[in-house]
Every structure is written in structure tokens, then in C-alpha cells.
Amino acid sequence: MKAVCFIQEVKDATLSLRQQQLLCRRVFRKEQWPCVMELFAQAGTEDRPLSLRPGVPELLKMAAEGAFDVLVVADTDLLRCSPPEIEGLLASLLPCGIHTFSAKGGHWIEPGGRRWMVLPGYDEEELPEVNGHA
């Protein structure tokens with residue numbers, strides 16, 4: 001399975017952009033999913049609708065072209081959008097055969113708020129450190 005990582009940078013987030021990137025890369029290594037692209041939405045864009053943030057139009061275009069199978073996000077809370085916006089993203093990706101995975105939670109994110117069980121090995125791991133800080 002090929003993956004794309006989408007990271008929303010947020011100024012007051014609990015995880016820095018680098019920590020989010022490390023979380024996603026850990027998933028790629030662990031699941032042996034090649035990452036075909038990392039997309040970033042810069043801090044200051046989190047107040048925009050999800051569909052209008054940097055990287056999202058490219059993400060949806062790649063999905064329609066069948067360029068990847070899995071969208072990996074560090075954590076849905078870091079996307080800073082409403083549940084209907086997340087539902088809209090999931091609804092746009094599922095017809096293309098793309099499922100969404102939470103790197104921090106270690107689980108699949110499905111429509112209707114359904115979540116599959118945490119994959120083995122994710123529940124006991126700590127978050128990656130950057131420059132000695134968790």
C-alpha cells in the first residue's frame with residue numbers, strides 16, 4: 001500500500017510539525033508503506049475550511065488518480081476542523097479506495113466516528129522526541 005502524509009502545522013499544538021512528521025514516518029516504517037508524498041498546511045491556515053487548505057486540493061487530485069491507498073494524519077485533533085469537515089474528507093477519499101490512518105492513535109479513522117481497534121504495537125509506544133523534548 002502506498003501512503004500520503006498530511007500534516008497541519010498549528011502554532012499552539014501539542015505536537016510540532018517535526019514531531020507529526022516523525023509520527024507519520026514511524027507508521028510508514030512499521031507498516032512498510034512507501035510514502036509517495038508529504039503534504040503540509042502551514043500554521044495560520046487552520047482556520048480555513050479543510051478543503052481550502054494548502055495541500056488538500058493536491059491530495060484530492062492524487063486520490064482521484066489512484067496515486068495512493070492510505071492517508072496518514074498525525075492526529076485528527078491537530079487538523080483543527082469540525083467533525084463534518086473530517087467526514088467530508090473521508091467521504092471524498094473512500095470512493096477512491098483510500099482509507100485514513102491516525103499515526104498518534106494507531107488506528108483507522110472511518111466515517112461516522114467509527115474507529116477500528118488500535119493496531120498491535122501502537123498502544124504502548126511513546127511519542128517521538130525532537131531535540132530532547134517529547
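Now for a description of the structure that goes with this document. (Residues numbered from 1 in each chain as written. Predicted model: local features only at pLDDT ≥ 70, side-chain atom pairs only at ≥ 80, totals over all residues. Heavy atoms only, no water.)

1. Here we look at the nonpolar core
Part 1 of the argument: One finds V4, F6, L59, F68 and L71 to be the most contacted residues of the largest nonpolar core, which totals 20 residues.
Part 2 of the argument: Elements with a contribution of two residues or more to this core: β1 (3–8), β2 (35–41), α2 (56–64), β3 (70–73) and α3 (83–93).
Part 3 of the argument: Setting aside its immediate chain neighbours within four residues, F68 contacts K2, A3, V4, V36, L59, M62, A63 and I98.
Part 4 of the argument: Counting residues in each nonpolar core, the second largest holds 16 residues, with C5, L78, A103 and W108 among its members. (Core = buried A, V, L, I, M, F, W, Y, C linked by side-chain atoms within 4.5 Å. Buried < 20%, exposed > 50% of the residue type's maximum accessible area, 1.4 Å probe, protein only. Helix = DSSP H or I, 4+ residues; strand = E, 2+ residues; numbered from the N terminus. Contact = heavy atoms within 4.5 Å.)

2. Remarks on the pattern of salt bridges
Part 1 of the argument: Enumeration over the complete set of coordinates arrives at four salt bridges.
Part 2 of the argument: Between R25 and E38 there is a salt bridge, and its shortest N-O distance comes to 3.0 Å. Here R25 is found in helix α1 (residues 17–31), whereas its partner E38 is found in strand β2, with 13 residues between them in sequence.
Part 3 of the argument: By relative accessible area, which is 31% here, R25 ends up partly exposed.
Part 4 of the argument: Among the salt bridges present, the one from D75 reaches K104, with a minimum N-O distance of 4.0 Å. Of this pair, D75 sits in the loop between β3 and α3 while K104 sits in the loop between β4 (99–102) and β5 (107–109), and the two are 29 residues apart along the sequence. (Salt bridge = Lys/Arg side-chain N within 4 Å of Asp/Glu carboxyl O.)

3. Quick notes on the pairing of β1
Part 1 of the argument: By the criterion of burial, β1 is predominantly enclosed, with six of the six residues buried.
Part 2 of the argument: Both faces of β1 are covered, namely the face carrying A3, C5 and I7 and the face carrying V4, F6 and Q8.
Part 3 of the argument: In the sheet, β1 pairs with β2 via six bridges, with the strands oriented parallel. The residue of β2 that forms the bridge with I7 is F40.
Part 4 of the argument: For the crossover that starts at β1, traverses α1 and ends in the parallel β2, the hand is right-handed.
Part 5 of the argument: As judged from the four bridges shared by β1 and β3, these two strands associate in the parallel manner. Bridging across to β3, C5 finds its partner in V72. (Pairing = 2+ DSSP bridges. Right-handed = clockwise from strand over helix to strand, strands pointing away.)

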